[in-house]
Structure formats: C-alpha cells, structure tokens
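Summary of structural features
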Amino acid sequence: MERFQYTRARTVSEAIGIAAHSSTAQQGAPVRYVAGGTTLVDLMKLGVERPTHLVDINKLGMNAIERTKEGGLRIGALVRNAALAHDPTVVRDYRALSEALLSGASAQLRNVATTSGNLLQRTRCMYFRNTAMACNKREPGSGCSAINGDNRTLAILGTSPHCIATNPSDMNVALVALDATIHVQGPKGTRTIPMQAFHLLPGDTPDRETVLEPGDLVTHITLPPPNARATSRYLKLRDRASYEFALASAAVVVEVAGGQFHYVRLAMGGVGTKPWRMSAVEERLTGAAVDDATIRDAAQLAVRDAKPQSENGFKVELAQRCLAHALRLATGLASI
Amino acid sequence: MSRSKALGAPSAPKVLGGKLPRIDGPLKVSGRATYTSDISLPGMLYAVPVRSTIASGRVVAIDDRVARKMLGVRAIYYRGNIRPFFRSGPAQGFSGLIDEKRPPFEDDVVRYYGQYVAVAVAQTMEQAKAAADAVRVQYAADAHNVERRLVAEKSLETDSERGDAEGAFKSAPVQIDQTYVTPTEVHNPIELHATVAAWEGDRVTLYETTQAVMNHREVLYQMLGVPKENVRVVSHFLGSGFGGKLWPWSHSILAAGVAREVGAPVKLVVTRQAMFETVGHRPRTQQRFRLGATRDGKLVSMQHEYLNETSILDAYKEDCGEATPFMYSVPNLRVASALARRNIGTPTAMRGPGAVPGLFAMESAMDELAIALNMDPIELRRRNEPLQDESTKLPFSSRHLVECMQVGAEKFGWARRDPRVGAMKRDGLTIGWGMATCSWGAMRSDAQATVEIQRDGTMSVTTATQDIGTGTYTVLALVASEATGIPLDKIDVGLGDTTLPPGPISGGSWATASVIPAVSAAARAAVRSLLTLSTSGKNAAFAGATPDDLHFANGRAARKSDPSSGVPLGDVLARANVRAAVGSGQSRTTFGGEESRKYSLHSFGAQFAEVTWQPETARLRVSRFVSVIDAGRMINPKPARNQIEGAVVMGIGMALFEEARYDKRYGAPINSNLADYIVSTNADAPAIDVTFLDYPDLVLNELGARGVGEIGLAGTAAAITAAVHHATGVRVRELPVRIEDLLRA
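Now for a description of the structure that goes with this document.

Turning our eyes to something else, we now look at the overall build of chain A. The secondary structure content of chain A amounts to twelve helices and twelve strands. Here the C-alpha radius of gyration of chain A, 19 Å, is about what a compact globule of 336 residues would show, namely 20 Å. With the C-alpha coordinates aligned to their principal axes, the bounding extent of chain A is approximately 60 × 50 × 35 Å. The buried share of chain A, taken over its 336 residues, is 59%. When the accessible surface of chain A is totalled, it reaches about 13,100 Å², and 49% of it is carbon and sulfur.

So this is what it looks like as structure tokens:
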C-alpha cells in the first residue's frame, strides 16, 4: 500500500469538488471515493489501486430506501448490501435483487459493502489482482495474461482480444434485469444512466469499465414500479455452497399469462465482461408457450455469441442450464 | 510462561472418556490466548521478504537504493550483506527435520516462484511492505517446469513386494487398471505462519508458529551457528498447522538472521499469498492402481505405482503406498514409486501424508472393482479382510475394520442402497451413496514430562509438546487428574517451550499416544515422592510407615488401613521443608521398538458419504457423512470427534474443491488466495455422524489411546467420489470433482 491523503467529505459538493481533479474515474484514478472499502482497500493492499487521495463518503447520508412517487424504489448509494437484501419491500417486490445480494460475499462483507460499491466492484480476474503479471485492465498495453492462462472463471460473452475479465457482482445482474437507473451527480450537475448502459465492454480499453467521469458520484439507484404479476428470481451456480463468485448466474423477471411468457427480463452473471442483458432471448420468449422445449431453445439462443476460452468451455453449457433452470423456477416448472 | 488453567472446568473423580470441553477454550474465545503474531516486544521491527517473480533463473542485481531511504526503513538484506546461514545436518529420528534444506540466500539461483531473494526491515509492517515492494530485482530467467502431468525422473523403485504381482494380474479374470490424480493442495491453516525473533547477546528466543518446538530448536541452532542451549523456541497456541508447521521454513531463519543483524526483535508474518509458495504443500500425485481379482471377489494381485512432484533441490516423497501393503489380503503385490522435479516450493507433510492421496487411489480402485464384479463394496472388502499384516507377517495390535464397516452401514442405512446409477431420489434430487475404508499408523515417539504437586494443592504438568488446536492441554490435564485425583481446576499445563522437558512433535497423530504415558508416569512419580516424604524425616506425618502403606486421595496422604488418618499434602510438604513433590516420567518411541517388531500398529475406519445431485444445474453437494473410527480408547471423545468432523470437512474440500494451480508461463501458483483456492465453507459441511469403536490398544500404551488427527481425512475423498459415481455415473479419477466433470453426466 502506498501513502495517500484522506478526506472525510462533509457534503456531496465537497466530495465532488475534490474528485473532479482526478485525471480519470477509471483504473489508475488518483482520487477515489471510499465507502465500505471492501473492494478498494483490498486492491490498494495488492498495489492494483494506487490512489493518492481517498475521499470518504460515509458521512454523506445517501443511505435511505424509499418509495418513488411513481411507485418504484429509490436506493441510496450508501445503503449497505445487508440492509438492501433484507428490506421488506425488496424481499416482496424485487425478490431477484434480494436473492442476488444474499448469494454474494459473506454476512460480514454484506454488512459493510454498499450499493454503489457493489455497482463498481472490480473483476476478480487473478491476473488483474497480481501486479507481477501482465493485464491490460490494470496496465493498459501490457497484454492479457488470462487469455491462454487460468481463465476457468472468466467471460465467454463480450470479450475482446485485450480482456476477458468478468464483472463479478451478483447485484448488478439483478439490477439489469430489473431495469434499474443509476443517478449520478458530477461537476456539471446530475444525470441518469440506464443500468444497461452504465458498464462498458472492454474493447481495446478494458481499463475503462463504466461511463463515469472524474468527480462523478453515484448518489442513488432507482427501480421502476414492480410488475405485480411477475415473479423474479436469481439463480447462482458455483463450485461450493457459499462465499464464491458465480460461474454462471441468472436474474429473471417473468410474467406468465395464458400459458405464455407475457413479460420477460433476463440478465446473466459470471459469463459476461459486464452484467449481461439477454434481449434477444427476451424477444424470443415473449409470447411463446411456457414449456421445457421453449426454455431449452431460449437457453441455446443465450449463448449463441459465446466465445469460450481455453479453460472455460464448460460455461457455454453451464450458462444454458443456469438460465433454463432460473426460468423453470420463475414459472413454477421447478421448485428447487 | 503462558499456561492454560482449567478455567471453571468441571471435575470428577473419573474423567477419562467423558466429554470435557477444552480447558483453553475460555482463553481462546475471549481473545486472551496469545498466538505468535500477537507477540509484541519493545523496540520490535518488522520484516517483509522480497519474493522472486520468476520460477527459475538467477538474481543478477538487486537495487535497494530507493527502498533503503524510505520512511522507517532500517535495512534491506540479501545475499552478500547478511551473515550467511548454515545448513542443518541430517536428521536423527524425528529431530532435526527440515524439508526445504537450502537456507535463504545460499546462492543466487532461483528455483521456484516466490523464493526469498531479499528482506526489508522497518519500524512498521506497512513500511517494511512498501520497502520490499520498492526493491528492484533484476533476474536472468531460465525455462521453468510446472507441468501438471508427471513423468518419473528415473525408473520406479520398489517400496513393497510379494509374490508375482504382474503375472497374477495378467491371468486374473477381473482386472482394474486406472490412474488416479490428486492435485497440489495447500494447508491453509487460518493462522498465518509467523516468527518473532529476539536476541539477548548471543541467545535468541523464537516465538514461532510450530508444531514441534524441540525440532525447531534442533534445526535453527545449526543454521544460525550458535550453541543449542542458546536457542529457545516458544509456541503456546497454534491456529492449526495440518503438517505445514511441522518443520522450519525459510522465513524463520530469515527472521532470526535479520534480528541478529539489526540488534532488535523482529516480527515476520508470512502472507497468505506467500503461504502458497514458501511453506510447503501436499504435492500433486499420479497413481496407477491395478487390481486383479477372481469372479467371486478375491484379490489375487495389487499393483500401486505412483509419482509425486517435488522441488528442484529436495527429494520429498509423498508415501502414497503407506497403507497399500497391509490393508487387504492379497498374495501378489507390488508398490513402487518415483519423483518428478518441478520449479515449485518444497512439498511437506499435510494431514495424513501419503495415506490420504494413496487411499484415494486404492479405495477408488476397490469401488471400481466392486462395480465390475456387481458386488456390494462392503462385501468385497469383507472378502479380502486379512488375518494379519501380510507385508510384515505380524499380527495387528488391534484391527476392527470389518466392525467399522458394519457399524457404519447400520448408521448410514446402507441396506436400503439401490446400486444402480441415479436410481435413488429424494425431494426432487438424485442421491448418491459411497463408502471407503481408511487407515493411519498408530505410533509413539519419545517423550518426557514433569509433574509438580504444590503445597497449595495445585499441580503443574509440563512437557515441550504443543497444543495445535487439538486439545492437548485438556488431555494432559485429564491424564494427570486421573493419576492423582487432583481436580482439573487445580491443574496447570505448560506446553510449547524448549525450556520444558522434551516432548514430541504434534504430528503423525502420535502426540497424544506419546505424551500420555510420560505424564501418567510423572504424575505417579510425584505421588510416590509425596508419600515418601510422608514417611521419612523427623517430622514425617507417618513416621515408621512405608510409602506402600499409604495412598493419596482428595489431596491427602493417608494410611490405606485407616482412611481417616489423612494429612493434607500441604502439611506433608511443610513438615519435610520441601517446596513441591516432583515427578518425572518418560515414554519410549515405537519406531524400531519392541512393539513394532511384534505387531503391526494401525488405526482403521470406514467412511460413508451421501451426495445430492441436481442434473439440471450440475449442482452437487455432500449431504450426509458417517465416519466410524477404530483408533483405540478415546481419552476425551469431545475434541476427538471434533478432529474427525474437521477432517471430513477438509476431505470434502479435497474431493470437490481444493487445487493449487500453477500458471505455466509465470510458474506461479496463480490462485494463491482464499477466494480462488476454494476450501469447504460451513455451508458445505453436512451433518457428520462420528462413532469411535473405543477398543483400547494396550500394545501402544497403558491407556490404549491412539491419535485421531489424521485418519478422518483418509478415505473421505474416495467415499465421496464413489457417491458421485453412484449419483451421476461419472467416475472422477482426477481430483477435485468439478462442474466440468459433472456436465458429462
């Protein structure tokens, strides 16, 4: 870890004012906001993040969960993962979000980690986290060690010749399926970003992970009013029973009417370089009969563009089984 | 000296075989137990090693100009600017053992990734880490070899042989010929390895995370080049070791060396990442196992050929054939082995070394044979139960393997098993059942102990063995209480210090068996001494009587013929003007001893696993486990059960999760953290039913007690993979079982 300046911000504008001087809000940012610190401090100890100035935003409030006037939900950026997962409204109306949060990390981490921190969680790619090894995300232009390396846990969707790292967040997958909106305040004012557009594909700049600019502070996230007739679920597949990142996961929001898929929102985790919206599959399913054949066909479509790496070919099959089973759970075709 | 008092422990006249919570429990749960990295001394500095980032090559230059000038930095040491270390000479028995024999900085050659090439010393750990990161090391890299597939470096050497194994195999009506692989596994005790070294003149005290203080001193005095009596090693509590903390590792020598150079105490804590590189691991094994049998399931041939990886300099052998020659009755047998050199850190013993990977191969092959014969796997083993150890032609001191299987089958409900793959269902899931047997050696090593009975009625028990979390403090208090009648809350046990009477290593599951006879004898000797004092001298309480006329009970010496004649022990000692009644005891090793020439000494057991399998999601979990262990008499069944349960949880990790993977290009163990090296979590631990048959093995010691630290891990992975096959039809011969394997179902 290197020496850094530490400021506990008293107001949102003070925090933004300091961070606006950062050269970037992406990898290599000299100024970082710190909330729970569960990702950032870890990466600082590893020498992956080397900010010279930390702006502590824990005293800025932003920790309420409230109904919006449209009937949706407004989640403060500093709401802790545990509080969000156990919020009665979330449990009742946005079950996939609660299930996603509770499937991630450990109880201790969830007590500390925040909503915006989870949103901005960095990849667990082992080469990104090891400064002795090449990584384009950490050191642009140094190369990607994961391609032809130990890439069992990495992405099969959205990869580029420069990066195949997965977005590790469970929460993000649910937020994509739930059509969340990210609210940002920056030096030039406030703006909103659809969740699906918040994270970037690696392309040839894998060091750029989000659309955030220097000084941008995520203040809250909103969810649209819940579809009362829909069921939402999150299914996570991994080696052990807890405390492990997903090999494949799926968030599904499904409304069935007259034996047909009437409303479908699907997103997957563990397989994409960003939380992966399955729009084409949603289209295919909408209006189709709810049965095993339809679901199998949809699952195949989900991995149509998959590009397996040297050691993660199994994810092509696993992702299909994951999505299919999440759909079976949400439609009552399966109970466990 | 930190000692463990019997804090509020219940006392009863007959305590052995009860269920006593560990007496050091209150200290541990209240945070008052001092572990090595908790030690903080005045003026103490921190050392952080610089680890090589190549796996093979040479150090060409080290540039420490920036690092030296950093805040708080006292020194940067490397080959050439620090007093060189010696190698320690060959071990004698279990004294003087070290697996990585090359001391740090001996030459400029790098032979594995993470090898220490320099060390930074600073006022705080953070400053030392920053300085270590700022040291620029220039390497000339050579090609390295971390290949997974093992090839013997020379022809196989025979470990054990009888009859004509090859000929009998060829003519056997039923044959199994398979290769089984176990991966590199890292011990990963939750407590990091650590050393605090403090010199006073030419004497050094090492606070060390060690399972063997006496051995540590034996090695370190030689490597530091000081007289043996100048080295004291202390280890009061250990956050477990699993074998990884048995023998010294290079950080300990380094800490002692830099503390000598800087003239201040130095703390060095090994990071989790470095623990994948420099403190040993269970090496990868590749085992070809061949079985020949008659159609009615009688074994006619058994061949076990195995390889294990080792480091470039050290020939560590993982003795996979340990149990093979005696487990079953078979007239023709051959066990042979060889090594494969790799640019990796030196391997070391990990819980059940040899037997654990070896039994995975043997018991998997037996399961495959049972299936080939269409025979119940318990019946197959029953038909091959030996009457004696066929490799040594010696009787077993105590073997109840068949009973283990019978009891286990009953507890597990084995009779309800439908052997067809995937045939058993419950709650919408497929169920798989599997079983395997297990074994671990029953041994004893030399041990000495001292017992002192004080005037105030308290008693101290001291011996330089260790409590590595297994309950040694508690067991020794129990034994001493049993021998003297002094209640547990008046007993103080002192362990883990080379100033105490020499005690055994905490390894091989023999610490308990070794030290119990010594403590028991010492306690009896102390009582005898008290009774002698009662009868001699002008103020003697029982002048004219002989010690044989007296007995000691309830803290009093009394005539056997007249229990009301009792004199408190404090009075006895005061009248004799003696501070304390002292007794010493010792026990001898079984290694090369009379017992081992007359008997084959082993523990046995049977493991039963149930898995649940959801084909739709390829989700497999261990849902139930039954372990029946024949390991002599249980002195304290509660921590003993704890040992078996912990081992089973570790076995689930071995079967389903654990593997250290080396990156081919960098030569580094790449998943060197607890997020990427997957071990079992609580959520992976099923209900575990442990039964001890509790037949005393009186050949081994007077109480008939053997150790149970390792046997619970043996056979566990084979039972689980058998259950996996039963549920899914997939036979996994290369651990761990992965989702990739199961997707083939």
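Read on for the rest.
Residue and element names in this part refer to chain B. For strand E11 (residues 203-208) and strand E12 (residues 231-234), the ladder comprises four bridges, and the chain directions are parallel. Paired with valine 204 across the strands is valine 231, a residue of E12. Read as a crossover between parallel neighbours, the route from E11 over helix H5 (residues 213-224) to E12 is right-handed.

The parts lose accessible area when they come together, and the size of an interface is often stated as this lost area. Between chain A and chain B, the contact holds 34 residues from the first and 37 residues from the second. Of all residues in chain A, Met126, Arg240 and Arg321 of chain A bury the most surface against chain B, accounting for 22% of the area lost on that side. For the pair chain A and chain B, the number of links is three salt bridges. Run the count over chain A and chain B and you get 16 residue pairs in polar contact (both at pLDDT 80 or more). Among the secondary structure elements, those contributing two or more residues to the side of chain A that touches chain B are strand E9 (231-237) and helix H12 (314-331) of chain A. Here the side of chain A that touches chain B takes six residues from H12 of chain A, the largest share from any one element.

Right, let's get into helix H1 (residues 12-19) of chain A. Residues and elements named next belong to chain A. Among the residues of H1, Ala15, Ile16, Ile18 and Ala19 are the ones counted as buried. An end-on view of H1 places all buried positions within 160° of arc, on one side of the element. Buried-residue contacts for H1 involve strand E1 (5-8), strand E2 (31-34), strand E3 (53-56), strand E6 (181-186) and strand E8 (217-223).

On to the sheet that holds strand E10 (residues 194-200) of chain B. Hydrogen bonds between backbone atoms are what pair the strands of a sheet, whose relative direction is either parallel or antiparallel. Residue and element names in this part refer to chain B. The mixed open sheet is built from seven strands, whose spatial order is E4-E6-E2-E13-E10-E11-E12. A strand with exactly one partner marks an edge of an open sheet, and here the two such strands are strand E4 (73-78) and E12. Taking each pair of neighbouring strands and ignoring which way they run, the sheet shows an average axis angle of 20°. Relative to strand E13 (residues 266-269), strand E2 (residues 45-51) is paired through two bridges, and the arrangement is parallel. From the neighbouring strand, tyrosine 46 faces E13, where its bridge partner is lysine 267. Strands E10, E11 and E12 of the sheet are contacted by H5, whose axis makes an angle of about 145° with E12.

A word on the sheet that holds strand E16 (residues 332-341) of chain B. All names here are of chain B. The sheet built from five strands is open, its strands ordered E8-E16-E15-E14-E9 with mixed pairing. The open sheet has two edge strands with one neighbour each: strand E8 (157-162) and strand E9 (174-182). Recorded for the sheet is a direction-independent mean angle of 10° between the axes of neighbouring strands. With five bridges connecting them, E8 and E16 associate as antiparallel partners.

A few words on the side chain of glutamine 287 of chain B. Residues and elements named next belong to chain B. Structurally, glutamine 287 is set in strand E14 (residues 285-293). Judged by relative accessible area, which is 0%, glutamine 287 ranks as buried. A distance of 3.0 Å separates polar atoms of two side chains, one belonging to glutamine 287 and the other to threonine 285. A polar atom in the side chain of glutamine 287 sits 2.7 Å from the side chain of histidine 304. Excluding residues that lie within four positions of it along the chain, glutamine 287 makes contacts with Gln178, Thr179, Tyr180, Thr182, His304, Glu305, Tyr306, Cys320, Pro357, Gly358 and Ala361.

Our next topic: the packing of aromatic side chains. All names here are of chain B. Enumeration over the complete set of coordinates arrives at 16 aromatic pairs over all chains. Residues tyrosine 35 and phenylalanine 237 carry aromatic rings whose centres are separated by 5.8 Å and whose planes lie at 45° to one another, so their mutual orientation is tilted. On the criterion of sequence distance, the pair formed by tyrosine 35 in the loop between helix H1 (25-29) and E2 and phenylalanine 237 in the loop between E12 and helix H6 (250-262) is long-range, its members being 202 residues apart. Exposure remark for phenylalanine 237: the relative accessible area of 1% places this residue in the buried category. Ring geometry for phenylalanine 276 against tyrosine 677: centres 5.3 Å apart, planes inclined by 75°, an arrangement best described as edge-to-face.

All names here are of chain A. Among the structural elements, threonine 114 can be located in the loop between helix H6 (107-112) and helix H7 (115-119). Residue classification places threonine 114 among the buried residues on the basis of a relative accessible area of 1%. If near-sequence neighbours (up to four positions away) are discounted, threonine 114 is found in contact with Ala35, Gly36, Ala77, Leu78, Val79, Arg80 and Asn81.

What follows concerns the pattern of salt bridges. According to the stated counting rule, one finds 77 salt bridges over all chains in the structure shown. When the shortest N-O distance is used, the salt bridge between arginine 265 of chain A and aspartate 179 of chain A registers 3.0 Å. Taken together, the positions of arginine 265 of chain A in strand E11 (residues 260-269) and aspartate 179 of chain A in the loop between helix H8 (171-177) and E6 put the pair 86 residues apart, joining distant regions of the chain. The class for arginine 265 of chain A is partly exposed, based on a relative accessible area of 22%. Linking arginine 588 of chain B and glutamate 595 of chain B is a salt bridge whose minimum nitrogen-to-oxygen distance equals 4.0 Å. A residue is classified by how much of its surface remains accessible, and glutamate 595 of chain B, at 11% relative accessible area, is buried.

Turning our eyes to something else, we now look at the environment of glycine 203 of chain A. Residue and element names in this part refer to chain A. With respect to the element layout, glycine 203 can be found in the loop between helix H9 (195-198) and E8. Residue classification places glycine 203 among the partly exposed positions, given a relative accessible area of 33%. The spacing of glycine 203 and glutamate 2 is 201 residues in sequence and 30 Å in space, taken between C-alpha atoms. Excluding its chain neighbours within four sequence positions, the residues that come into contact with glycine 203 are Ser160 and His162.

The rules we used
- Each residue is numbered by its place in its chain's sequence as written, counting from 1.
- As a convention, the first chain written is A and the first ligand written is 1, with the rest following in written order.
- Local features are withheld for residues below a pLDDT of 70 in this predicted model, meaning they are given only at 70 or higher, and side-chain atom pairs are given and counted only at 80 or more; totals for whole chains, interfaces and linings count all residues.
- Hydrogens are left out, water is left out, and the side-chain values use all remaining heavy atoms of the structure.
- Runs of E in the DSSP output that reach at least two residues are strands. Runs of H or I that reach at least four are helices, and both are numbered from the N terminus.
- Atoms counted for the radius of gyration: C-alpha only. Globule rule: 2.2 Å times the number of residues to the power 0.38.
- Note on classification: 1.4 Å probe, protein chains only; a residue is buried when its accessible area is under 20% of the maximum for its type, exposed when over 50%, partly exposed between these limits.
- Residue-level accessible areas treat just the shown protein chains as cover; the underlying method is Shrake-Rupley with a 1.4 Å probe.
- Whether two strands pair comes down to DSSP finding at least two bridges between them.
- With its strands directed away from the observer, a crossover is right-handed exactly when the path from the first strand over the helix to the second travels clockwise.
- Here, residues are in contact when the closest pair of their heavy atoms is within 4.5 Å.
- Buried area is a sum: the accessible area each of two parts loses on coming together, probed at 1.4 Å, counted once for each and added.
- Salt bridges, as used here, are contacts in which a Lys or Arg side-chain nitrogen is within 4 Å of a carboxyl oxygen on Asp or Glu.
- In the analysis that follows, any N or O atom pair within 3.5 Å is treated as a polar contact, provided that within protein one partner can donate a hydrogen and the other can accept it, and provided that, for residues neighboring in sequence, both atoms belong to side chains.
- Starting at the helix axis, one direction is taken to each C-beta atom, and the arc is that of these directions.
- Only the stretch in contact is used when fitting a helix axis, every axis being a line fitted to C-alpha atoms; angles between N-to-C directions are given from 0 to 180 degrees.
- Here is the rule: rings of Phe, Tyr and Trp (six-membered ring for Trp) pair when centre to centre is within 6.5 Å. Planes less than 30 degrees apart are stacked, more than 60 are edge-to-face, and the remainder are tilted.

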